[in-house]
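For reference, the chains in residue letters:
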Amino acid sequence: AQKVTQAQTEISVVEKEDVTLDCVYETRDTTYYLFWYKQPPSGELVFLIRRNSFDEQNEISGRYSWNFQKSTSSFNFTITASQVVDSAVYFCALSEALGSTLGRLYFGRGTQLTVWP
Amino acid sequence: NAGVTQTPKFQVLKTGQSMTLQCAQDMNHEYMSWYRQDPGMGLRLIHYSVGAGITDQGEVPNGYNVSRSTTEDFPLRLLSAAPSQTSVYFCASSYSRVSALTEQYFGPGTRLTVT
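To keep things clear, this report deals only with the structure shown in the data block. None of the values given here were measured: they were computed from a predicted structure.

As a further point, take the overall build of chain A. The secondary structure content of chain A amounts to zero helices and 12 strands. Each helix and strand of chain A, ordered N terminal to C terminal, gives the series β-β-β-β-β-β-β-β-β-β-β-β. For 117 residues, the compact-globule estimate of 2.2 N^0.38 gives 13 Å, and chain A sits close to it at 14 Å. The principal-axis extents of the C-alpha atoms in chain A amount to approximately 45 × 30 × 20 Å.

At the junction of the two partners, chain A supplies 22 residues and chain B supplies 19 residues. Overall, the association of chain A and chain B removes approximately 1700 Å² of surface from exposure, summing both partners, and the carbon and sulfur fraction of that is 58%. Our enumeration of links across chain A and chain B arrives at one salt bridge. Listed by contribution, the elements that provide at least two residues to the side of chain A that touches chain B are β5 (32–39), β10 (88–96) and β11 (105–107) of chain A. The leading source of residues in the side of chain A that touches chain B is β5(A), at four residues. Per-class residue counts for the side of chain A that touches chain B are nine nonpolar, eight polar and five charged.

As a rule of thumb, soluble globular proteins bury nonpolar side chains together. Residue and element names in this part refer to chain A. Counting residues in hydrophobic clusters, the biggest one holds 25 residues, and the most contacted among them are W36, W66, F77, Y90 and L113. Of all elements in the fold, only β2 (10–14), β3 (19–21), β5, β6 (46–52), β8 (64–69), β9 (74–79), β10 and β12 (111–116) reach the threshold of two or more residues within this core. In terms of residue count, β10 provides more of this core than any other element does, four residues in total. Residues in contact with W66, not counting those within four places in the same chain, are W36, L48, I49, N58, E59, S61, F75, N76 and F77.

What follows covers the side chain of B:H29. Structurally, B:H29 is set in the loop between β3 (19–25) and β4 (31–38). Those residues in contact with B:H29, other than ones at most four positions away along the chain, are B:R68, B:T71, B:S93, B:S94, B:Y95 and B:Y105.

Residue and element names in this part refer to chain B. Strands sit in the order β1-β3-β8-β7 across an open sheet of four strands; the sheet is antiparallel. Edge positions in the sheet fall to β1 (4–7) and β7 (64–66), since each has one partner strand and no second. Put simply, the sheet's adjacent strands are angled 20° from each other on average, direction ignored.

What counts and how
Residues numbered from 1 in each chain as written. Chains lettered and ligands numbered in written order. Predicted model: local features only at pLDDT ≥ 70, side-chain atom pairs only at ≥ 80, totals over all residues. Heavy atoms only, no water. Helix = DSSP H or I, 4+ residues; strand = E, 2+ residues; numbered from the N terminus. Rg over C-alpha atoms; globule rule 2.2 N^0.38 Å. Contact = heavy atoms within 4.5 Å. Buried area = accessible area lost by both parts, 1.4 Å probe. Salt bridge = Lys/Arg side-chain N within 4 Å of Asp/Glu carboxyl O. Nonpolar A, V, L, I, M, F, W, Y, C, P; charged D, E, K, R; others polar. Core = buried A, V, L, I, M, F, W, Y, C linked by side-chain atoms within 4.5 Å. Buried < 20%, exposed > 50% of the residue type's maximum accessible area, 1.4 Å probe, protein only. Pairing = 2+ DSSP bridges. Axes fitted to C-alpha atoms, helices over the stretch in contact; angles between N-to-C directions.

Dropping the structure here:
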C-alpha cells in the first residue's frame, strides 16, 4: 500500500482560479514529517514546505496555503489565484522517525497541475 | 557552496552498457541517497549511505551498485543497463540520518535513457 496517496493525477485550471491538491498519508509512527515539493518543467525539485506531526496549524505563504488534518491523515495544498508559473508537478512526501526507515522519504505519485492563461 | 551536484545531466546508453552516475556534495553531509523518478510513480529510494564506508539498500536496489569511499561522493553504478532503468535519477543529502527527517537537499537530476 502506498504510504502517500495523491489521488489527482492531473488538474487543469484557468489562471486566477483557486486549486487544491490533495495528499493522504499512512503511518504508524507518532513522529513524522510531511513535505510538499514542486517540480517545474525544468526538472529540479523545489522544496515548498515541511510540517511535523505535532503541529497541526495551517500555514499560509503568499498564495500558497496548507491544511494539515491528522484526523483524516491529510495534508492538502491550496494555491489561490493560480498563475501560469504554477504549472508543475507537485509531490507530497512523508518521512518517519521509525528506526528502520529513518531518513527515507516516501513520495506520492505526483499531481500535474496545468494553469492555462 | 555548490550544494549537491550531479553529472551528467543527460545520458543515453545501449542495453548492456555500464556507466556511473556521479553525485557530490560540499556540505560535509553524512547522509546521502539516490532516488529514481518514473512517470506516475513518484520518487523511489534506490540506495542510501549514512557515512563513508556504509551503504544500504532502499526500495528498488536491483541493477544498481553504490559505494561511499569519501564523505563528498556517492556514485551510482549501472553494471548492465536495461531499458527498465530509463528514468530520472536524483541524489539527495542531509547532515545526518536524523536530520534527513526534516531536510534533504536534492541535486538537479540525471535523465537516463536506455535503448
